[in-house]
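Per-entry structural report
One-letter residues, chain by chain:
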Amino acid sequence: MEIIAIKDCELEKYITEIMLDIGVPAHLKGYHYLRDAILISGKNMEVVSSITKLLYPTIARRFKTTDQKVERAIRNAIEVSWNRGNVETFEKMFGYSISSGKTRPTNSEYIARIADKVRLDFKAM
């Protein structure tokens, strides 16, 4: 089944489960921006290669804010989840975690990896 054919609410629910499992706190603004970024990227992976020109401005328009604030909020949400999140889930999803001494993934790496997982999981259905 192609990811575009899936209802947005189903995708949002699935993405939310992954984000909560990783440890992204739902009270952060970046949580909502990140969920939208993953949803958009899952439908069109090309936006990840142009994250500052396409993805951040799209999210900023939806939430009536600036792309700089979107980028910073997403970076903060990733940082918090990296430091406080589920180490086993990070190991499984990214192949490394904070316990291995590596630095956190970049915004685009994080978004692309989760979006790719969502796409693959829904194709398998």
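Now for a look at the structure at hand. Just so it is clear, the model here is predicted, and its values are computed rather than measured. (Residues numbered from 1 in each chain as written. Predicted model: local features only at pLDDT ≥ 70, side-chain atom pairs only at ≥ 80, totals over all residues. Heavy atoms only, no water.)

**Observations concerning the overall build of the protein**
This is how it is decided: Here a helix means four or more residues in a row that DSSP labels H or I, a strand means two or more in a row labelled E, and each is numbered from the N terminus. For the radius of gyration, the atom set is restricted to C-alpha positions; the globular benchmark scales as 2.2 Å times the number of residues to the power 0.38. For each residue, the accessible area found with a 1.4 Å probe, counting protein chains only, is set against the maximum for its type, and the residue is called buried under 20%, exposed over 50%, and partly exposed in between. Note on contacts: a residue pair is in contact if any heavy atoms of the two residues lie within 4.5 Å. The Shrake-Rupley method, run with a 1.4 Å probe sphere, supplies the accessible areas, and residue values consider only the shown protein chains as cover. Only four residue types enter the charge count, namely Lys and Arg as positive and Asp and Glu as negative; His and the chain termini do not. Here the site of a charge means atom NZ of a Lys, CZ of an Arg, CG of an Asp or CD of a Glu.
If you tally the helices and strands in the protein, you get 6 helices and 0 strands. Ordered by position in the sequence, the α and β elements of the protein form the string α-α-α-α-α-α. A globule of 125 residues ought to have a C-alpha radius of gyration of about 14 Å, and the protein, at 14 Å, matches this closely. Each principal axis of the C-alpha distribution contributes one length, and for the protein these read about 35 × 35 × 25 Å. Looking at the 125 residues of the protein, the share that counts as buried comes to 45%. Taking as baseline every contact in the protein between residues at least 6 positions apart, the subset at least 24 positions apart corresponds to 60%. Counting every atom, the protein has about 6,900 Å² of accessible surface; 52% of that belongs to carbon and sulfur. One finds the centroid of the 20 positive side-chain charges in the protein at a distance of 5 Å from the centroid of its 16 negative side-chain charges.

**Describing the packing of helix 5 (residues 87-94) against helix 6 (residues 107-123)**
The condition is simple: The axes are straight lines fitted to the C-alpha atoms, using for helices just the contacting stretch, and the angles between their N-to-C directions are given from 0 to 180°. Any angle that falls under 35 degrees is termed roughly parallel, while one over 145 is termed roughly antiparallel, one within 65 to 115 roughly perpendicular, and all others oblique. As a working rule, the residues Ala, Val, Leu, Ile, Met, Phe, Trp, Tyr, Cys and Pro are called nonpolar, Asp, Glu, Lys and Arg charged, and the rest polar, with Gly in that last group.
Closest axis-to-axis distance for the helix 5/helix 6 pair is 11 Å, and the angle between their directions is 80°. Considered as vectors, helix 5 and helix 6 are oriented roughly perpendicular to each other. Residue-level contacts link Phe-90, Met-93 and Phe-94 of helix 5 to Glu-109, Tyr-110, Arg-113, Ile-114 and Lys-117 of helix 6. Taken together, the residues of the contact of helix 5 with helix 6 break down into 5 nonpolar, no polar and 3 charged.

**Re the packing of aromatic side chains**
Geometry of an aromatic ring pair is reported as the spacing of the ring centres plus the angle between the planes. Our working rule: Here the aromatic set is Phe, Tyr and Trp, taking the six-membered ring for Trp, and pairing holds for ring centres within 6.5 Å; pairs whose planes are under 30 degrees apart are stacked, those over 60 apart are edge-to-face, and all others are tilted. Two thresholds decide whether a charge sits over a ring: the Lys NZ or Arg CZ must be within 6 Å of the ring centre and within 35 degrees of the ring normal.
What the rule picks out here adds up to 8 aromatic pairs. Three or more aromatic residues joined by ring pairs form one cluster here, namely Trp-82, Phe-90, Phe-94, Tyr-96 and Tyr-110. Sitting over the face of the ring of Tyr-96, Lys-102 holds its NZ or CZ atom 4.8 Å from the ring centroid.

**With respect to the pattern of salt bridges**
Here is the rule: Any carboxyl oxygen of Asp or Glu that lies within 4 Å of a side-chain nitrogen of Lys or Arg is treated as forming a salt bridge with it.
Considering all chains together, one arrives at 6 salt bridges under this definition. With its nearest N and O atoms 3.0 Å apart, the salt bridge here joins Glu-71 to Arg-75. Linking Glu-71 with Arg-75, this pair stays in helix 4 (residues 67-84), spanning 4 residues, or about one helical turn. Relative accessible area serves as the criterion here: at 23%, Glu-71 is assigned to the partly exposed category.

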